[in-house]
Amino acid sequence: MKRGFFIVALLAVCAARKDHDHPVLPIDKNFKAIDEELKTEFWMEKAQNILAHKLQNLNEPNTQRAKNVILFLGDGMSVHTVTATRAFMGDSSKQVSFEKFPYLGLSRTYAVNKRTPDSATTATAYLNGVKANYGTIGVNAQVTRADCYKANDTSTHTESIAKWAQDAGKWAGLVTTARVTHASPAGVYAHTAERQWENDRAITNDGCSAEVNVDIARQLVEWPVGKDLRVVLGGGRRNFRDRSMNDEEGSAGYRTDNRDLIQEWLAAKKEQKKTAQYVWSKKGLEIVDLAKTEYLLGLFSESHCPYHGDLARDKLENSDPSLSQMTETAIKMLSKSEKGYFLFVEGARIDMAHHDSRAHRSLEDTEEFAKAVELARNMTSEQDTLIVVTSDHSHTMTINGYPNRGENIFKLAPSLANDGLPYTVLSYANGPGFSKTYSSSKGRKDLTDTDVQDPKYRFMATVPMDSETHGADDVGIFASGPHAHYFTGNYEQSNIPALMAHIANIGPFADDKL
């Protein structure tokens, strides 16, 4: 008797759970389907086109050597971020530019000592081919974070694909919307136990010697790979000048050694009888005669460059270049090299907006990042230029709540939660958005009258954190150009520079080294 009752009760619970797991949602009376999507033939034809494209790529693979390699890095650009950007662009059926690339893979992003990595250790992986410890750049895992001495042992130093390109006679450069001494771009040229050591004061503040340890800004100006970069565009003037000096817009530097590394960079190039230009504004960038310039340094902000959406909102479009504009200049500059080039381009502020739980800004920057990729693909030939697009790590943002197809991605979900209150379609597992989500006195906040469309709105978060954390998910890799089919599959993030180098026949993965 008891057993029979238990079985009946269990079946009832399962039935209830089934209905609860897949609720009957309210009909969206404003939704209008696209007529062609109502027909079976539309989906069959779409599949036929995809199949034909894949068969063509299979039968006609591009097996040329890559003269040029461009690595695009969407910092913090998780798969969820790319998916949400499609909706932000107008509809889930859209594709951002690099999703149209013929080959796709996934990379595993963990660090040697952390399951969830940061942008320093990942830069060492996707630029140097070596996994390392959290917070370190351009050194192997023998170096622990902020070690005052170990990173000075050159046997721990790793080599970047930029160096391999330079050794092969190619030019190299970098573009970023972060400080050019920040973790990701520093992976191109630097070797340090601490990503925060962007200037000498940061080293001494950590109790280490700024004479024993060379800060990242100095490495860019003084050390072989950094000083031979043909184009460097981004932000971060403050790390190159002493705190007694003001920059072109009146901001004081951060250094304490009484040095102006920008002037030292210019003086060194003059001594080498090289034509070099330093610019700090969009106008200055636009008037550079690239045909007569051998080296170009552009620092457009005292810290990071503005968020892309803020260029228009804050009326900065005439003073600060966009990522696309910097990318275009860099490609024009590097294309003068007869032997080809390696270019690193980072959309850095995708990540920073996520850390602030400001998904709106993140998607705006992702859209601009995709435009920069499209511009690069249009400016170059698929026959000799390999373009790889990836991310360093993910974030905790998710898309949830059964949103209607045509709804704005930033809106509230179409149905209420069990507590009778609305919630946002985009939300984070943790972060500063917690303060917009919960009240210590009333519990979950009612968002009915909240302007969730405000680009500065901090989206809902479950766990209170001053800064939202990274995620440990695998991230996408999209490839177009010579041997792009190498990038399919799931593999270590540290394999990326090896594949690029082999395709370009440079460094330790060139044909004669295998």
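Here is a short report on the structure shown in this document. Everything numeric in this text was worked out from a predicted model, so none of it was measured.

Parameters at a glance
- Residues numbered from 1 in each chain as written.
- Predicted model: local features only at pLDDT ≥ 70, side-chain atom pairs only at ≥ 80, totals over all residues.
- Heavy atoms only, no water.
- Pairing = 2+ DSSP bridges.
- Helix = DSSP H or I, 4+ residues; strand = E, 2+ residues; numbered from the N terminus.
- Axes fitted to C-alpha atoms, helices over the stretch in contact; angles between N-to-C directions.
- Salt bridge = Lys/Arg side-chain N within 4 Å of Asp/Glu carboxyl O.
- Buried < 20%, exposed > 50% of the residue type's maximum accessible area, 1.4 Å probe, protein only.
- Contact = heavy atoms within 4.5 Å.
- Parallel < 35°, antiparallel > 145°, perpendicular 65-115°, else oblique.
- Arc of directions from axis to C-beta.
- Polar contact = N/O pair within 3.5 Å; in protein donor to acceptor, adjacent residues only side chain to side chain.
- Disulfide = S-S within 2.5 Å.

So, about the sheet that holds strand β11 (residues 426-431). Strand order in the open sheet formed by three strands is β10-β11-β14, with mixed pairing between adjacent strands. Among the strands making up the open sheet, the edge pair consists of β10 (397-399) and β14 (461-464). Going across the sheet, the axis of each strand differs from the next one's by a mean of 20 degrees, ignoring polarity. When β10 meets β11, the two strands line up antiparallel, connected through three bridges. Bridged to Thr398 within β11 is Ser427.

Another point: the pattern of salt bridges. Within this structure, the stated rule accounts for 31 salt bridges. The partner of Glu492 in a salt bridge is Lys131, and the shortest N-O contact between them spans 3.4 Å. Within this pair, whereas Glu492 is found in strand β17 (residues 489-492), its partner Lys131 is found in the loop between α4 (119-128) and α5 (161-167), the two being separated by 361 residues in sequence. Here Glu492 and Lys131 have matching classes, each one buried.

On the basis of which strands lie adjacent, the open sheet formed by ten strands has the order β5-β6-β4-β3-β7-β1-β8-β16-β2-β17 and mixed pairing. Each edge of the open sheet is held by one strand with a lone partner, namely β5 (276-279) and β17. With direction set aside, neighbouring strand axes in the sheet form an average angle of 15 degrees. Summarising the sheet, strand β4 (residues 231-235) and strand β6 (residues 295-299) pair through four bridges and their orientation is parallel. Opposite Val232, over in β6, you have Leu297 as the bridge partner. Its contacts with the sheet put helix α15 (residues 359-379) on β1 (68-74), β7 (341-347), β8 (385-390) and β16 (475-480), and the angle it makes with β1 is roughly 170 degrees. Against the sheet, helix α17 (residues 496-504) engages β1, β2 (103-108), β8, β16 and β17, with an angle of about 170 degrees to β8.

Before going further, it helps to spend a moment on the packing of helix α3 (residues 79-89) against α15. Packed helices, taken two at a time, are described by the angle their axes make and the gap between the axes. Between α3 and α15, the least distance of the axes is 9 Å, while the angle of their chain directions is 85 degrees. Classified by the angle between their axes, α3 and α15 sit roughly perpendicular to one another. In this structure, α3 uses Thr81, Ala84, Thr85, Phe88 and Met89 to contact α15, whose residues at the interface are His360, Ser362, Leu363, Glu364, Thr366 and Glu367.

What follows deals with helix α10 (residues 261-271). Looking only at α10, the buried set comprises Leu261, Ile262, Trp265 and Lys269. Down the axis of α10, the sector holding all buried residues measures 110 degrees, keeping them to one side. Residues of α10 that are exposed and point over 90 degrees away from its buried face: Lys270 and Glu271. At its buried positions, α10 is contacted by α8 (216-222), α9 (224-227), β5 and β6. The backbone nitrogen of Ile262 lies 3.1 Å from a side-chain oxygen of the residue at the head of α10, namely Asp260. At the exit of α10 stands Lys273, carrying a positive phi of roughly 60 degrees.

For Asn258, which is not a glycine, the phi torsion comes out positive at approximately 60 degrees. The backbone of Ser357 shows a phi angle near 65 degrees, a positive value even though the residue is not glycine. Topologically, Ser357 is positioned in the loop between α14 (349-355) and α15. With relative accessibility at 0%, the residue Ser357 sits in the buried group.

So, about the state of the cysteines. Here a disulfide denotes one covalent bond, and it connects the sulfur atoms of two cysteines. Considering all chains together, one arrives at one disulfide under this definition. Note that Cys148 is cross-linked by a disulfide to Cys208, the S-S spacing being 1.9 Å. Because the torsion about its S-S bond is -65 degrees, the bridge between Cys148 and Cys208 counts as left-handed. Within this pair, whereas Cys148 is found in the loop between α4 and α5, its partner Cys208 is found in the loop between α7 (200-205) and α8, the two being separated by 60 residues in sequence. A single burial state applies to Cys148 and to Cys208, both of which are buried.

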